[in-house]
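One letter stands for each residue in the lines below.
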Amino acid sequence: MKEQPNVISDFELLTEIGCDLSQHFGGKYVDDEIKTKSTHLLAKAIDNSFSILKLIPDSKYSNDKEKYLDISSVFSLCRNLIELSNIFWYLIDDNIKQNEFDFRIDILKYHDYISTDLIFNRIFYDEKNVEYLENKISKFKEKIKNDPHFEKLDKQTKKLILNGKKSTLLTQFEIIKKRDLDLEEFRAYYKLMSVHTHSSPASVTQLVYTQGVETDGEFNNLMLSFLIMYCGSFLANLIKSTTELWEMKFSKTESEKIINEYVSIQKR
């Protein structure tokens, strides 16, 4: 396995490649929601990746003079990045027909409107905004209920979708299985990231262990190296898929080489 500085510098390069790619789409409009959504997800992934790097003291993007590694924040952001990559695959790479893509997008939008409505109703109440959101919720609810794909779902799934409790037809684990990736490896990494995301008993134990037992930071560095490399493989796949969808080529041989190197990690 690569040493930590190399892993971090690799992740910096992957992020920069994705950033350069994302900038090509600035202000560009195409009448293709699949392509449009790919650029939105790419932009979010790059923003997330820079946030991760800013929290890692050894990264050139970090301003941390204290050299404090905020493990919990880094691991939480890593989980966001991996989940985003899976959502990208679920929408863009799952080889589905246009009408099923439309159905999946409608569910995501419906879930988004319900979540936003909850925020505005409880915290930032504004009558016009609430009315707008309620109209959107009603519109998408009827659209989803009348979609032929909805009729094929089981009763519990239908209920969860209409109640705004389910934003995707597949779970993260089901997506990983369909991607033909190592499910047990993903479960292990996902548990590691989740432990540091939630305020569970395990998260407290992990904090005590990582901050107390390994006072020289070697254990933290080891965990970070493995996780950043794993995240890098998901980011590389997202970037490569975007270039293929838009029929673009990498401007530098070095860029294509490192993208393919990290894509291949998931195939081992």
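Look a little higher up for the structure.
Residues numbered from 1 in each chain as written. Predicted model: local features only at pLDDT ≥ 70, side-chain atom pairs only at ≥ 80, totals over all residues. Heavy atoms only, no water.

Novice: Got a sec to walk through the packing of helix H2 (residues 33-54) against helix H4 (residues 98-122)? Specific residues and values, please.
Specialist: In contact at an axis separation of 11 Å, H2 and H4 are set at 45° when each is read in the N-to-C sense. With respect to H4, the element H2 is oriented oblique. The interaxial crossing formed by H2 with H4 has left-handed handedness. Residues Glu33, Ile34 and Lys37 of H2 form the contact with H4, whose participating residues are Gln98, Phe101, Ile105 and Lys109. Broken down by class, the residue content of the contact of H2 with H4 amounts to 3 nonpolar, 1 polar and 3 charged. (Axes fitted to C-alpha atoms, helices over the stretch in contact; angles between N-to-C directions. Helix = DSSP H or I, 4+ residues; strand = E, 2+ residues; numbered from the N terminus. Parallel < 35°, antiparallel > 145°, perpendicular 65-115°, else oblique. Left-handed = near helix turned anticlockwise from the far one by under 90°. Contact = heavy atoms within 4.5 Å. Nonpolar A, V, L, I, M, F, W, Y, C, P; charged D, E, K, R; others polar.)

Novice: Can you explain unusual backbone geometry? Please cite residues and give values.
Specialist: Glycine aside, a negative phi is what most residues show, and trans is what most peptide bonds show. With a phi angle near 55°, asparagine 95 is a residue other than glycine that sits in the positive phi range. With respect to the helices and strands, the residue asparagine 95 is situated in the loop between helix H3 (71-93) and H4. A relative accessible area of 76% places asparagine 95 in the exposed class. (Buried < 20%, exposed > 50% of the residue type's maximum accessible area, 1.4 Å probe, protein only.)

Novice: Before we move on, could you go through the pattern of salt bridges and cite the residues and values that matter?
Specialist: Under the definition given, this model contains 10 salt bridges. Note that lysine 143 and aspartate 106 form a salt bridge whose closest N and O atoms lie 3.5 Å from each other. With a gap of 37 residues between them, lysine 143 in helix H5 (residues 127-145) and aspartate 106 in helix H4 connect regions that are remote in the sequence. Here glutamate 142 ties to lysine 145 by a salt bridge, and the two come within 3.8 Å at their closest N and O atoms. On the criterion of helical spacing, the pair formed by glutamate 142 and lysine 145 is a turn pair, its members being 3 residues apart in helix H5. (Salt bridge = Lys/Arg side-chain N within 4 Å of Asp/Glu carboxyl O.)

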